[in-house]
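Residue-level listing of the chains:
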Amino acid sequence: MRAERPNEMMKLGAFFHPTGNHVAAWLHPDAQIDAGTNFKHYASLAQTAERGKFDLMFLADAVAVRAGKLAALSRWPQYMVFFDPVTLLSAIAPVTERIGLVATATTSYNEPYNVARKFASLDHICEGRAGWNVVTSANLSEAYNFGREAHFEHDERYDRAIEFADVVFGLWDSWDDDAFVRDRASGRYFDPAKLHALNHKGKHFSVRGPLNVARPPQGHPVIFQAGSSEVGRELAARIAEGVFTPQHTLTGAQDFYRDMKGRMAKYGRMQEQLKIMPGLNPVVGRTAREAEEKHRFLQSLIHPDVGLELLSNALGGFDLSEYDLDGPLPDVPDHRGIIAGQTAFRNVMTWAREEKLTIRQLYERYAGARGQRTIIGTPAQIADHMAEWFLGFGVDGFLIQPAYLPGGLDDFVDLVIPELQQRGLFRTEYEGTTLRENLGLQRPASRYARASD
Ligand SMILES: Cc1cc2nc3c(=O)[nH]c(=O)nc-3n(C[C@H](O)[C@H](O)[C@H](O)COP(=O)(O)O)c2cc1C
């Protein structure tokens with residue numbers, strides 16, 4: 001038995017960007033070219049991930065078509081057209097049995113009542129496998145679809161997110177677990193004492209409640225969070241049970257891990273109540289050379305228009321089209337002091353200053369996986385890496401982002417998962433039937449039950 005984390009297994013999520021995580025995935029001959037609106041594609045991915053015993057599948061979201069230069073967007077179809085993720089997961093629920101179904105919903109362009117209702121419904125439909133990734137949106141285009149001329153400021157949207165989540169949690173507790181007696185003999189359907197109106201009046205929301213869906217099977221669907229800024233971390237420490245975060249080095253991941261877990265006590269939470277699962281982009285080959293070749297091929301498919309567009313987005317919209325691709329990054333102004341708080345901006349500036357990368361090298365580094373870490377190698381090399389980060393307390397698990405789909409997922413499930421299982425690092429059977437049980441998370445008691453205890 002190993003000395004470190006002897007009784008623990010890593011947690012694994014599968015992040016399905018429509019055609020795959022790589023920016024040029026759709027150009028790969030083995031990618032599903034119409035993936036964004038192809039239900040059978042997603043159903044089949046979910047079943048493959050479940051065959052691999054993944055804890056969960058995750059779908060990102062934005063409530064807008066991406067904006068930018070059409071010359072670039074027309075070469076980069078990722079998230080231009082794609083299904084509403086909660087609708088899609090509701091359709092995936094009956095064709096899967098154990099895998100967790102996690103989707104993003106933004107707190108900036110929703111009302112808490114709608115989000116509470118959708119995720120409570122999903123949790124019932126999939127019998128306790130739902131999860132909500134709480135994001136605040138980083139995309140101005142969304143504002144234009146919701147009656148606003150500008151996005152909320154960074155910290156303001158997190159302030160709104162805290163209140164939003166609190167309202168959602170309160171609404172999920174509207175009905176006690178045993179509120180529905182459904183007793184034909186007495187003619188009583190529910191116990192009136194077990195129904196609670198929220199009567200929330202706060203800075204951003206006024207919500208009377210109660211919710212018109214029974215308490216979710218998991219009590220609350222599992223809460224995820226993906227922001228790594230100071231306020232993002234505080235939100236995660238306060239409410240998240242899973243964190244998705246880009247991490248580039250083991251020491252950086254260990255710092256993040258310690259920092260996140262260390263912030264939880266002040267919210268009355270224990271460290272095990274949060275699973276830290278950084279993104280990992282594996283490119284798997286049967287030999288190291290085959291893996292390198294696969295990655296080189298994908299990188300060769302990145303069009304400069306697309307690379308520059310992505311880099312410009314990371315730099316707060318700074319236009320790079322007039323600069324020499326093989327020259328250094330010019331000085332980039334930090335508009336209104338807000339973008340420096342954002343992780344992508346900080347990462348790109350660090351690579352430019354410390355590694356002296358040219359604009360082309362920067363977009364190649366950033367665009368392929370949008371700043372997240374790519375691990376290229378054999379199943380054993382990838383498992384070595386994952387083991388080192390897990391056993392070294394850098395992570396509790398990973399969010400696997402296959403470069404292209406479905407092939408990249410097939411490779412991971414067929415080649416890497418058995419390697420992890422052989423090493424005793426990953427399950428061979430699901431432990432439970434709900435996402436909470438599989439992640440090793442407690443089912444939360446209702447706030448009303450807690451108050452009366
Ligand atoms: C794995 C992962 C998934 C994310 N999914 C979404 C998403 O679906 N929708 C969204 O608007 N933002 C998404 N984000 C962005 C984050 O929510 C957040 O806006 C971003 O990390 C910047 O936050 P920060 O300023 O707190 O670092 C995701 C980020 C990561 C790392």
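Rules used in this analysis
- Residues numbered from 1 in each chain as written.
- Predicted model: local features only at pLDDT ≥ 70, side-chain atom pairs only at ≥ 80, totals over all residues.
- Heavy atoms only, no water.
- Near = heavy atom within 4 Å.
- Polar contact = N/O pair within 3.5 Å; in protein donor to acceptor, adjacent residues only side chain to side chain.
- Areas by Shrake-Rupley, 256 points an atom, 1.4 Å probe, with all protein chains shown as cover.
- Helix = DSSP H or I, 4+ residues; strand = E, 2+ residues; numbered from the N terminus.
- Nonpolar A, V, L, I, M, F, W, Y, C, P; charged D, E, K, R; others polar.
- Core = buried A, V, L, I, M, F, W, Y, C linked by side-chain atoms within 4.5 Å.
- Buried < 20%, exposed > 50% of the residue type's maximum accessible area, 1.4 Å probe, protein only.
- Contact = heavy atoms within 4.5 Å.
- Pairing = 2+ DSSP bridges.
- Expected span 1.5 Å × (residues − 1).
- Arc of directions from axis to C-beta.
- Axes fitted to C-alpha atoms, helices over the stretch in contact; angles between N-to-C directions.
- Parallel < 35°, antiparallel > 145°, perpendicular 65-115°, else oblique.
- Phe/Tyr/Trp six-rings, centres within 6.5 Å; stacked < 30°, edge-to-face > 60°.
- Salt bridge = Lys/Arg side-chain N within 4 Å of Asp/Glu carboxyl O.

1. Notes on the site of the ligand
In the vicinity of the ligand there are 19 residues, among which T104, H154, Y158, S229 and T343 approach most closely. Contact distances for the ligand include 2.6 Å between an oxygen atom and a side-chain N or O atom of Y158. At a separation of 3.1 Å, an oxygen atom of the ligand approaches a polar backbone atom of A226. Contact with the protein chains removes 87% of the 620 Å² of surface that the ligand exposes when unbound. Of all elements in the fold, only β4 (130-135) and α6 (154-172) reach the threshold of two or more residues within the shell around the ligand. Residue composition of the shell around the ligand, grouped by class: nine nonpolar, nine polar and one charged.

2. So, the nonpolar core
It is characteristic of soluble globular proteins that their nonpolar side chains tend to be buried jointly. Of all hydrophobic cores here, the largest spans 71 residues; its most connected members are L12, F54, W132 and M386. Here this core gets nine residues from one element, more than from any other, and that element is α6. In this view, M386 contacts M10, L12, L280, F398, I400, F412, V416 and L420; residues no more than four positions away in its chain are not counted. One finds A24, I359, A367 and A403 within the second-largest nonpolar core, a separate group that totals 34 residues.

3. Some thoughts on the pairing of strand β5 (residues 180-183)
Note that β5 and strand β6 (residues 188-190) share two bridges and pair antiparallel. In the sheet register, D183 faces β6, and the bridge partner there is R188. What sits between β5 and β6 in their antiparallel hairpin is a turn of four residues, with G187 showing a positive phi close to 75°.

4. Topic: helix α4 (residues 112-125)
Look at α4: 20 Å from first C-alpha to last across 14 residues, which is about the 20 Å you get at 1.5 Å a residue. Residues of α4 that are buried include every one of P112, V115, A116, F119, A120, L122 and D123, and no others. The buried side chains of α4 occupy one side of the element, clustering within an arc of 160° when seen end-on. Looking at the buried side of α4, the elements it contacts are α3 (85-92), β3 (100-106), β4 and α6. Backbone geometry just downstream of α4 places E127 in the positive-phi region, at approximately 55°.

5. Overview of the packing of helix α7 (residues 230-239) against helix α8 (residues 250-262)
The interhelical angle for the contact between α7 and α8, taken along N-to-C directions, is 55°, at an axis separation of 9 Å. Accordingly, the angle class assigned to the pair α7 and α8 is oblique. For the pair α7 and α8, contact is made by R233, A236 and A237 and by F256, D259 and M260, respectively. Here the contact of α7 with α8 is built from residues that sort into four nonpolar, no polar and two charged.

6. Thoughts on unusual backbone geometry
Here the amide bond leading from G209 into P210 is cis, since omega sits at -10°, within 30 degrees of zero. Cis geometry is adopted by the peptide bond preceding P406, which originates at L405 and carries an omega value of 10°. If you trace the backbone, P406 turns up in the loop between β14 (397-400) and α14 (407-422). Here K356, not a glycine, exhibits a phi torsion of approximately 55°, which is positive. Considering the arrangement of structural elements, one finds K356 in the loop between α11 (343-354) and α12 (359-369).

7. A look at the packing of aromatic side chains
For the coordinates displayed, the defined rule picks out 18 aromatic pairs. Note on F169 and W172: the rings are 5.9 Å apart at their centroids and 25° apart in plane angle, and the pair reads as stacked. Of this pair, F169 and W172 both sit in helix α6, three residues apart, which is roughly one turn of the helix. Exposure remark for F169: the relative accessible area of 14% places this residue in the buried category. Each ring, one from W175 and one from F190, has its centre 5.0 Å from the other, and the planes form 85°; the classification is edge-to-face. Of this pair, W175 sits in the loop between α6 and β5 while F190 sits in strand β6, and the two are 15 residues apart along the sequence. The class for F190 is partly exposed, based on a relative accessible area of 29%. The structure contains a cluster of three or more aromatic residues connected by ring pairs, namely F119, W132, F164, F169, W172 and F205.

8. Things to note about the side chain of S446
Of note, S446 is situated in the loop between α15 (435-439) and α16 (447-452). Classification of S446 by relative accessible area gives buried; the value is 4%. At 3.1 Å, the side chain of S446 forms a polar contact with the backbone nitrogen of Y448. If sequence neighbours within four positions are ignored, S446 has contacts with D173, D176 and R215.

9. Quick look at the pattern of salt bridges
Across all of its chains, the model carries 30 salt bridges by this definition. Across the pair K194 and D178 runs a salt bridge whose closest N-O atoms are separated by 3.0 Å. Of this pair, K194 sits in the loop between β6 and β7 (200-201) while D178 sits in the loop between α6 and β5; the two residues are 16 residues apart in sequence, bridging distant segments of the chain. Among the residues examined, K194 registers a relative accessible area of 22% and is labelled partly exposed. The partner of D259 in a salt bridge is R263, and the shortest N-O contact between them spans 2.8 Å.

10. Some remarks on helix α1 (residues 39-51)
With 13 residues, α1 ought to run about 18 Å at 1.5 Å a step, and its terminal C-alpha atoms sit 18 Å apart, in line with that. Taken as a whole, α1 has its buried residues at H41, Y42, A43, L45, A46, T48, A49 and E50. Contacts made by the buried residues of α1 are with β1 (11-15), β2 (56-59), α3 and α14. N-cap assignment for α1: the residue whose side-chain oxygen lies 3.1 Å from the backbone N of K40 is N38. K53, located one to two residues past α1, shows a positive phi value of around 65°.

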